[in-house]
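# Structural overview
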Amino acid sequence: MILDGKVPGGPIAQKWERRRHEMKLVGPANKRKYRVIVVGTGLAGASAAASLGELGYQVDAFCYQDSPRRAHSIAAQGGINAAKNYPNDGDSVLRLFQDTVKGGDFRAREANVWRLAEVSGAIIDQAVAQGVPFARDYAGYLDNRSFGGALVSRTFYARGQSGQQLLLGAYQALLRQARAKTVRIHPRTEMLDLVVADGVARGITVRDLVTGKISSHAADAVLLCTGGYANVFFLSTNAQGCNVTAAWRAHKRGALFANPCYTQIHPTCIPAAGEHQSKLTLMSESLRNDGRIWVPKKAGDAREAGAIPEGERDYLLERKYPSYGNLAPRDVSSRAAKEVCDEGRGVGPGGRGVYLDFADAIGRLGAATIKARYGNLFEMYERITGEDAYAVPMRIYPAPHYAMGGLWVDYNLQSTVPGLFVLGEANFSDHGANRLGASALMQGLADGYFVAPYTVADHLARVAPGAVGAEHPAFAASRAEVEGRTRRLLAVQGRRTITDFHRALGKIMWDRVGMARDAAGLAKALAEIPALREEFWADVRVVGSGETLNRELERAGRVADFLEFGELMARDALYRDESCGGHFRTEHQMPDGEARRDDERFCHVAAWEHRGENAAPALHVEPLAFEAMPLATRNYQ
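So, here is what we can say about the structure in this document. (Residues numbered from 1 in each chain as written. Predicted model: local features only at pLDDT ≥ 70, side-chain atom pairs only at ≥ 80, totals over all residues. Heavy atoms only, no water.)

## Thoughts on the overall build of the protein
When helices and strands are tallied, the protein shows 17 helices and 19 strands. Each of the three principal axes of the protein carries a C-alpha extent, and together these read 75 × 60 × 50 Å. Split into buried and exposed, the 637 residues of the protein put 61% on the buried side. Here the contacts in the protein between residues at least 6 apart in sequence split such that 74% fall between residues at least 24 apart. On the protein, roughly 23700 Å² of surface is accessible, and the fraction owed to carbon and sulfur atoms is 50%. Where the 78 positive side-chain charges of the protein centre and where its 73 negative ones centre are 4 Å apart. (Helix = DSSP H or I, 4+ residues; strand = E, 2+ residues; numbered from the N terminus. Buried < 20%, exposed > 50% of the residue type's maximum accessible area, 1.4 Å probe, protein only. Contact = heavy atoms within 4.5 Å. Areas by Shrake-Rupley, 256 points an atom, 1.4 Å probe, with all protein chains shown as cover. Lys, Arg positive; Asp, Glu negative; His and termini not counted. Charge placed at Lys NZ, Arg CZ, Asp CG, Glu CD.)

Below, the structure is given as structure tokens:
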């Protein structure tokens, strides 16, 4: 199957306007007749639910957290990109578009990237109107700083709490609609299945995480806004609850999964302290504006940082990428750090770290300025490590962070299942093989505030409201399947813990499908993961019952899905016999060690179709065409 992205014709700068003009509309008096389900209440979900509720649709918003404001979007630190050119340093919609396409190593759909850049400025206006306290300069204007992969300052920020402040803005808009009774919020409720009737998404099956009750909810459209799958690695910067379950269950109902091997390894995380650590902590990329990354020039140099003279330090990113320096993109920065650590020049326990040093910036600007910019991040670092980063350099190391892959969607953000829309990190569409820093918040809010309200309306205008209700046999079949899976998990009564299996999967994924991959390692992963999955279903121990609050049961279901998804991720990585962005196959490198793409064979989206539990998935492709920005080899030097 050759996938059709349904991109409108005409010049790229006019595509979104043309599509909006072509779309069908729902009359104001008819909107209240339609019901929309939104799964996930992070930036994409909360903004979509609030916007659709404001328009007059009846919206049901579901989240597994105890409150929408606990969504993982709240953990984002550094900022949000927008092409407003406030610093007057040469930014534009065109430049943001070009940086994003180049940053993704020419593996994103060009039209989607342009639309993202086009609506970015409106996101900032929306957030300011909601009271988001962006940083301001001395004159009171909104301030900007730089992020990786760009030579301009386009990132709006609220110290190191940008995600929190933006989510609170979307959350208050959501609560306004809840008070107006256009939105019903369902906290502590986890989606466990997508209900598809007559080939169209008609609702979801969920479990009440407090009572254990399994129930179904019908709607005229379903929006998945459930984030990414970096926790397949076990250790990641994601909250422990982040999972692939909603997207994976939708995949098993017919939604193609696109580019699952595209994951982002963030270069600026606190190194793991031991084998039994449960998660990793992100240190914002914004720190690279003023922090300099270095390691000793000599392997095995165990001296304290302050004892190593300037001439014996290797400022690796400034050396390798003089134009971008410490603000090189995340994928190349992560590989550069791994490279020097593999050479024996890493610092800290086990040699798995590099220094992020603020001494020069403090000497130039003063500690008070650095504290004003990053104070809460320095405080967080000290609480975790016991080290004062004003006095000694931070130690950082790459870690799994973001998923560029996700469910395949067309230009309207609709999946291959009609009526199922996928927003934010849960879809594949905007970042290609590497995401630029500060673009995750931008995509989530662009999809929720400015894209979905148009595209979902176009779908709703073509269907009769309430055409399929919860009495349809597909809902009963879905509930029976979910209940059967729950009983199966509880019945194993094995000896090994869920965490033990998740950690074992994470080690396979990190070793074989992590920062560097090769055919032999991926083939081993494809043998090891099914064996581990078989052992899981034979020896996992899930205590308690399904009729009450049971955190172990929740985690068991999510790990079971990771054990299936991890195999698809490794299969996709083996299939893509090239290096691009965050997908680095060691067999495909330039002489200088940079990624070597194969545009002749792989300039396309790889989307996988589920064919059954014991059947190999089927591959479908969407060719990628680059007209507004011709294909070129990335160069950040």
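## Quick look at the packing of aromatic side chains
Per the counting criterion, the structure on display carries 23 aromatic pairs. Against the face of Tyr157 rests Arg145, its NZ or CZ located 3.7 Å from the ring centre. Note that Arg292 overlies the ring of Tyr315, its terminal NZ or CZ placed 3.8 Å from the centroid. (Phe/Tyr/Trp six-rings, centres within 6.5 Å; stacked < 30°, edge-to-face > 60°. Lys NZ or Arg CZ within 6 Å of the ring centre and 35° of its normal.)

## Quick notes on the packing of helix H13 (residues 473–491) against helix H16 (residues 551–575)
Where H13 contacts H16, the two axes come as close as 10 Å, and the packing angle between them is 100°. When the axis of H13 is compared with that of H16, the two are roughly perpendicular. Residue-level inspection shows Arg485, Thr486, Leu489 and Leu490 of H13 in contact with H16, the latter providing Leu553, Ala556, Gly557, Ala560, Asp561 and Glu564. Of the residues belonging to the contact of H13 with H16, the class tally is five nonpolar, two polar and three charged. (Axes fitted to C-alpha atoms, helices over the stretch in contact; angles between N-to-C directions. Parallel < 35°, antiparallel > 145°, perpendicular 65-115°, else oblique. Nonpolar A, V, L, I, M, F, W, Y, C, P; charged D, E, K, R; others polar.)

## Quick word on the pattern of salt bridges
A full pass over the atoms with the stated rule returns 62 salt bridges. A salt bridge links Glu285 to Arg288; its shortest N-O distance comes to 3.4 Å. According to the relative accessible area criterion, Glu285 is buried, its value standing at 1%. Judged by relative accessible area, which is 1%, Arg288 ranks as buried. With its nearest N and O atoms 2.9 Å apart, the salt bridge here joins Asp290 to Arg373. Note that Asp290 is positioned in the loop between strand S11 (263–269) and strand S12 (292–296) and Arg373 in helix H11 (residues 367–385), a separation of 83 residues in sequence. Residue class for Asp290 comes out buried when judged on its relative accessible area of 9%. Put simply, Asp105, Arg107, Asp331, Arg335, Arg576, Glu578, Arg597, Asp599 and Arg634 are held in one network by salt bridges that share partners. (Salt bridge = Lys/Arg side-chain N within 4 Å of Asp/Glu carboxyl O.)

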